[in-house]
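# Summary of structural features
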Amino acid sequence: MATPLEPVDLVGEFDPTAPEYLADPYAHLARLRAQGPCVVDTSRDLWYLVGFDAVEAGLSRIVRGHHRGPDRHVHFPANPFAADGPGHTEPRRIIAPTFSNKAVQQFRDRAQEVVDAALADAVAGGGELRLVDTIGFLLPYTLTCDVLGILDVDNRDELRAWTWQSLELIDAFLTPEQMQEYMASAGLLAQHLHGVIEWKRDHLADDLLSLIIRTADAGEVLRPEQVVPYVHTLYLAGMHTTVNQTALSLLALMHHRDQWDRLCAQPDLLPNAVEELLRFESTAQYMKRTAEEDVDLGGGIVVPTGAEVVCWIASADRDEARWGDTADMLDLTRADAKQHIAFGKGPHVCVGSWLARLELHVVVESIVSRFPDTTMPDQEFVWESNFIRGPEELVLHLA
Ligand code: HEM
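In this report, we go over the structure that sits alongside the text. (Residues numbered from 1 in each chain as written. Predicted model: local features only at pLDDT ≥ 70, side-chain atom pairs only at ≥ 80, totals over all residues. Heavy atoms only, no water.)

Counting its regular elements, the chain contains 16 helices and eight strands. Whereas a compact globule of 399 residues would reach a radius of gyration of roughly 21 Å, the chain reaches 21 Å, a difference of no more than 12%. By principal-axis analysis of the C-alpha atoms, the chain measures approximately 60 × 55 × 40 Å. Per-residue burial over the chain gives 55% buried out of 399 residues. Residue pairs in contact within the chain that sit at least 24 positions apart in sequence constitute 73% of those at least 6 positions apart. For the chain, the accessible surface area stands at approximately 17200 Å², while carbon and sulfur atoms represent 52% of it. (Helix = DSSP H or I, 4+ residues; strand = E, 2+ residues; numbered from the N terminus. Rg over C-alpha atoms; globule rule 2.2 N^0.38 Å. Buried < 20%, exposed > 50% of the residue type's maximum accessible area, 1.4 Å probe, protein only. Contact = heavy atoms within 4.5 Å. Areas by Shrake-Rupley, 256 points an atom, 1.4 Å probe, with all protein chains shown as cover.)

Next up on the list: the sheet that holds strand β4 (residues 287–290). Taken together, four strands build an open sheet; the order of strands is β1-β2-β7-β4 and the sheet is mixed. The outermost strands of the open sheet, each flanked by one partner alone, are β1 (38–41) and β4. Across the sheet, the mean angle separating the axes of adjacent strands is 25 degrees when strand polarity is ignored. In this sheet, strand β7 (residues 308–311) lies alongside strand β2 (residues 46–49) in parallel orientation, the contact comprising three bridges. (Pairing = 2+ DSSP bridges. Axes fitted to C-alpha atoms, helices over the stretch in contact; angles between N-to-C directions.)

For the rest of this paragraph, the subject is the coordination of the iron atom of the ligand. The protein supplies the iron atom of the ligand with one donor atom, C350 (SG), which lies at 2.3 Å. Tracing the chain through its elements places C350 in the loop between α15 (320–323) and α16 (353–370). (Donors = N, O, S within 2.8 Å, 3.2 Å for Na, K, Ca; no water.)

A separate point is the packing of helix α8 (residues 156–167) against helix α11 (residues 227–255). The relative placement of two packed helices comes down to the angle between their axes together with the axis-to-axis distance. One way to put it is that α8 packs onto α11 with a least axis distance of 9 Å and a crossing angle of 95 degrees. The angle between the axes of α8 and α11 places the two elements in the roughly perpendicular class. Residues L159, R160, T163, W164, S166 and L167 of α8 touch α11, and the partners they reach there are H232, Y235, L236, M239, H240 and N244. Residues that form the contact of α8 with α11 fall into these classes: six nonpolar, five polar and one charged. (Parallel < 35°, antiparallel > 145°, perpendicular 65-115°, else oblique. Nonpolar A, V, L, I, M, F, W, Y, C, P; charged D, E, K, R; others polar.)

Let us now look at the site of the ligand. Not every one of the 27 residues close to the ligand is listed here, only the nearest: R64, H88, R92, H348 and C350. A distance of 2.7 Å separates an oxygen atom of the ligand from a polar atom in the side chain of R92. Between an oxygen atom of the ligand and a side-chain N or O atom of H348, the distance comes to 2.7 Å. Secondary-structure elements contributing two or more residues to the shell around the ligand are α4 (86–93), α11 and β4. Per-element accounting of the shell around the ligand gives the leading share, six residues, to α11. Classifying every residue of the shell around the ligand gives 15 nonpolar, nine polar and three charged. (Near = heavy atom within 4 Å. Polar contact = N/O pair within 3.5 Å; in protein donor to acceptor, adjacent residues only side chain to side chain.)

Moving on: helix α2 (residues 25–33). Three or more residues of α2 are buried, namely P25, Y26, H28, L29, L32 and R33. Each buried residue of α2 sits inside an arc of 160 degrees when the element is viewed along its axis, so together they form one side. Contact partners of the buried residues in α2: α1 (19–23), β1, β2, α13 (270–280), α14 (313–316) and α15. Between a side-chain oxygen at the N-terminus of α2 and the backbone nitrogen of Y26 the separation is 3.1 Å; the capping residue is D24. (Arc of directions from axis to C-beta.)

Let's shift gears to the pattern of salt bridges. Counted by the stated rule, this structure contains 23 salt bridges. Ionic pairing is found between R33 and E320, a salt bridge with its closest N-O pair at 2.9 Å. Of the two residues, R33 sits in helix α2 while E320 sits in helix α15, which places them 287 residues apart along the sequence. A relative accessible area of 11% places R33 in the buried class. Residue E320 is classed as partly exposed on the basis of its relative accessible area of 39%. Residues R318 and D328 are paired through a salt bridge, measuring 2.7 Å at the closest nitrogen-oxygen approach. Linking R318 in the loop between α14 and α15 with D328 in the loop between α15 and α16, this pair joins segments that are ten residues apart in sequence. Residue R318 is classed as buried on the basis of its relative accessible area of 6%. One network of salt bridges, with partners in common, ties together D45, R68, K288 and E308. (Salt bridge = Lys/Arg side-chain N within 4 Å of Asp/Glu carboxyl O.)

Attention now goes to the state of the cysteines. On inspection of all chains with the given rule, the structure shows zero disulfides. In this structure C311 is a free cysteine whose sulfur lies 9.8 Å from that of C38, the closest cysteine sulfur available. (Disulfide = S-S within 2.5 Å.)

Within the largest apolar cluster, 107 residues are counted, with the highest numbers of intra-cluster contacts made by Y48, I212 and W312. If one sorts the elements of this core by residue count, α11 sits on top with 16 residues. If sequence neighbours within four positions are ignored, W312 has contacts with F14, P16, Y21, L29, Y48, L49, V50, V55, F173, Q285 and Y286. Judged by nonpolar contacts, the second largest core, of 23 residues, contains C38, L59, I62 and A307. (Core = buried A, V, L, I, M, F, W, Y, C linked by side-chain atoms within 4.5 Å.)

Counted under the stated rule, the structure contains 13 aromatic pairs. Between F14 and Y21, the aromatic rings sit 5.7 Å apart at their centres with planes inclined by 85 degrees, giving edge-to-face as the arrangement. Look at F14 and you get buried, because its relative accessible area is 1%. In this structure Y21 comes out as buried when scored by relative accessible area, which is 1%. Within the aromatic cluster, the residues linked to one another by ring pairs are F14, Y21, Y48, F173, Y286, W312 and F387. The ring of W323 carries R279 above its face, with NZ or CZ at 5.2 Å from the centroid. The ring of W323 carries the charged tip of R322 above its face, separated from the ring centre by 4.2 Å. (Phe/Tyr/Trp six-rings, centres within 6.5 Å; stacked < 30°, edge-to-face > 60°. Lys NZ or Arg CZ within 6 Å of the ring centre and 35° of its normal.)

This is the structure in structure tokens:
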């Protein structure tokens with residue numbers, strides 16, 4: 001029989017919107033973990049899962065459910081990725097083969113081409129690399145366009161802002177003003193995507209968007225009005241996650257020079273290094289769920305019907321109970337690094353994880369192998385989000 005949890009009032013103790021939290025969430029999350037694997041924040045009426053086992057169980061067993069308050073996704077109704085059960089799993093299968101480990105290898109040359117061009121530009125400009133603006137954004141943006149079979153646009157900067165703010169609508173700690181602003185961006189993105197899909201209908205080819213449209217027209221697993229929300233999720237999920245994960249990975253290596261030097265000396269460590277970088281600094285810091293029935297997560301945690309739950313991936317992947325005394329260290333040789341849950345767990349686990357790994361692999365390998373003496377000049381980092389973590393910019397000096 002599970003013991004009911006003591007609710008904890010965290011007012012003043014835990015503020016994921018505070019600058020000191022954004023600069024280093026891990027110390028704050030460790031303090032939550034010290035209170036147990038699950039903490040109930042009565043002031044915000046949120047359940048926080050912070051222990052590794054609890055987060056895994058929460059992501060796997062609690063449904064997405066429906067948020068309290070206004071519908072943040074009003075511009076993208078009937079999104080299969082926001083659903084649970086067959087209405088989610090069947091449409092999800094449409095794209096799974098495109099994102100298998102084997103299938104994504106076809107994008108390696110294109111990824112390399114984008115990275116090579118950005119590095120060449122940086123070298124031509126004296127060696128300064130603005131990682132986020134150049135490789136960080138361009139790589140996932142180009143691959144997203146290629147995979148879907150859509151054209152580049154003239155208003156890239158606008159599109160970048162709309163996609164970022166639409167993704168941020170998942171943030172569990174938004175102010176009403178932010179919510180309003182981000183919903184306006186989501187409306188503009190919806191208009192844009194309607195146009196893209198109209199264009200594609202006249203240019204059907206052998207690409208993912210054509211496959212999605214044809215499947216919707218057949219009407220069995222997807223309805224035509226679900227194409228926009230479906231593509232919207234692919235667009236958001238594949239873009240800013242990779243942008244930020246790339247920056248976090250390079251930043252972690254710059255802060256741990258011994259590990260950087262080790263990777264330069266032993267490039268065969270790279271596949272494991274990518275897993276450890278994902279564990280150590282996962283850009284997707286948490287995912288939300290809402291319980292539609294009582295859910296027993298084990299370990300004495302029973303989430304009651306109606307509870308809104310924040311599954312704190314960033315805490316799980318630093319949990320000493322799972323990773324031992326070295327949980328807070330970056331160790332590129334960690335034997336079980338790939339057991340991290342940076343890509344989530346359960347029915348909604350990341351579809352694009354192999355593509356993301358490929359992109360990270362190409363970026364890190366290209367810089368490490370060609371510029372082993374790269375340094376990071378002094379700079380102030382701006383951290384925008386507690387949900388998708390990453391510095392607004394990261395400047396490196398290639399050498
Ligand atoms: C480093 C980069 C990435 C990270 C850290 C990441 C992380 C995640 C996480 C944690 C989830 C689980 C969501 C949940 O449980 O609620 C997820 C879902 C998803 N990801 Fe990724 N992701 C990355 C890159 C990508 C890429 C490149 C794509 C390709 C398009 C992608 C597509 C998706 C999709 C479609 C979902 C929704 C799956 C579903 O609900 O069934 N992601 N991602």
